[in-house]
Structure formats: C-alpha cells, structure tokens
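Residue-level structural notes
Residues per chain, in single letters:
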Amino acid sequence: MKTIEYKGQHYPAFQAEGNAAQYILPFALKVCKGRGVDIGCAKPEWAFPGALLVDPAINGLHSTGFPMRDLDYVFSSHCLEHVPCWVDSLNYWQEALRAGGTLFLYLPHYSQEYWRPWNNRKHRHFLTPELLFDFLNDKGWRNIFTTGPDLNNSFAVMAEKGPQ
C-alpha cells in the first residue's frame, strides 16, 4: 500500500487524492433520497449522484447562498471545515431542508494530523462528532448518528430535521 508521511506518521496515500466522499457514499445513498444538494464536492465527477451541486468553484454557489428550499437532503463531504462560519452554514442548511429532511456530513477526523487547522491552512475549523452531536441536538435535530474515524481518518454525522 502506498502511504504518505506527515511529521513522522504514515497515512494511506489515497487521503491526499481528494474525492473523500467515495468512502462514505454507500451509506449516504441509503439515507439521502429525493431532491437534495451536494455542498462542496469540488468537481462534478465527485458529486453525490443526482444532487444539485453547490460549490463556488463549479457554479458560484456558496454554502450559505444557494436558493433551494424544501430539500429532502443536504450532503456535504470535507467542506464544513473550510467555510468561514460552520454554525451559520448548518443553520442555513437546516432552513433549506423540509421537516424530516436528512443532513449527511462527512468530515476530517482529528486522527489525521495534516487535517488539523494549524497544519492545513485551508481548514478553518476542527469539528468532532461530539461537538456536532451537541450542536444539532440543541438545534432540534432528531435521530442524530455519528461515527468514529474510518480508514480515511474521517467521520460521518447523520441527522433528521425536526418539525418546525
């Protein structure tokens, strides 16, 4: 297996290739159905199948500026750590979803040292499953599920928008 080295630690080389969503896609396909968006996919070929794309590099749309409403799902992979204010983004995404809609996040895990904001200046925040669980719970989301780190040193969070 090819690896990359960062500060004496070895990580699978595929972690530096982009398209992290491919590692969580089988699970996301089970819960993200209907009309939804993929926020921050970076390249159209990396997008969630059938999703409307929200990415400034592709179509000029931003995480808090897309006009869609009453969505069935919001899918986002390795994006939330890049936005100026993750709280504003999640609040906006919650507004964009219909009651009962699904939020599906896939994010870098702390176990990958290079992804920490002080090592990777593209990352503005470091989020954890516990932090996101607490935030979503406080905002009225239901059926919140989180995972620990996977082989891509990433974690997932799924939640259902509660009634308004």
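Residues numbered from 1 in each chain as written. Predicted model: local features only at pLDDT ≥ 70, side-chain atom pairs only at ≥ 80, totals over all residues. Heavy atoms only, no water.

Within strand β5 (residues 71-77), 6 of the 7 residues are buried, leaving the element largely enclosed by the surrounding structure. By the bridge criterion, 4 bridges tie strand β3 (residues 36-39) to β5 in an arrangement that is parallel. Its bridge partner lying in β5, Gly-36 is registered against Tyr-73. Where β5 and strand β6 (residues 97-108) come together, 6 bridges link them in parallel fashion. (Buried < 20%, exposed > 50% of the residue type's maximum accessible area, 1.4 Å probe, protein only. Helix = DSSP H or I, 4+ residues; strand = E, 2+ residues; numbered from the N terminus. Pairing = 2+ DSSP bridges.)

What follows covers unusual backbone geometry. With a phi angle near 50°, Lys-7 is a residue other than glycine that sits in the positive phi range. In this structure Lys-7 comes out as exposed when scored by relative accessible area, which is 57%.

Within the open sheet, the 6 strands sit side by side as β4-β3-β5-β6-β8-β7. Their pairing is mixed. Looking at which strands have only one partner, the edges of the open sheet turn out to be β4 (52-54) and β7 (142-146). Neighbour to neighbour, the strand axes of the sheet diverge by 15° on average, direction disregarded. Where helix α3 (residues 86-96) meets the sheet, its contacts fall on β3, β5 and β6, and the angle it forms with β6 comes to roughly 145°. (Axes fitted to C-alpha atoms, helices over the stretch in contact; angles between N-to-C directions. Contact = heavy atoms within 4.5 Å.)

Between α3 and helix α4 (residues 129-138), the shortest axis-to-axis distance is 12 Å and the interhelical angle comes to 50°. Here α3 is positioned oblique relative to α4, judged by the angle of their axes. The hand of the α3/α4 crossing is right-handed. Contacts between α3 and α4 involve Trp-86, Val-87, Leu-90 and Asn-91 on the former and, on the latter, Leu-131, Leu-132 and Phe-135. Taken together, the residues that form the contact of α3 with α4 break down as 6 nonpolar, 1 polar and no charged. (Parallel < 35°, antiparallel > 145°, perpendicular 65-115°, else oblique. Left-handed = near helix turned anticlockwise from the far one by under 90°. Nonpolar A, V, L, I, M, F, W, Y, C, P; charged D, E, K, R; others polar.)

This part is about the pattern of salt bridges. When the charged atoms of two side chains lie near each other, side chains of opposite charge can form a pair. This model, assessed by the stated rule, comprises 2 salt bridges. In this structure, Asp-72 and Arg-98 form a salt bridge, with 2.6 Å as the shortest nitrogen-oxygen distance. Of this pair, Asp-72 sits in strand β5 while Arg-98 is found in strand β6, placing the two residues 26 residues apart along the sequence. We classify Arg-98 as partly exposed; its relative accessible area is 33%. Of the charged contacts in the structure, one is a salt bridge between Glu-160 and Arg-142, with a shortest N-O distance of 2.4 Å. Taken together, the residues Glu-160 in strand β8 (residues 154-160) and Arg-142 in strand β7 connect sequence positions 18 residues apart. Its relative accessible area of 37% is what places Arg-142 among the partly exposed residues. (Salt bridge = Lys/Arg side-chain N within 4 Å of Asp/Glu carboxyl O.)

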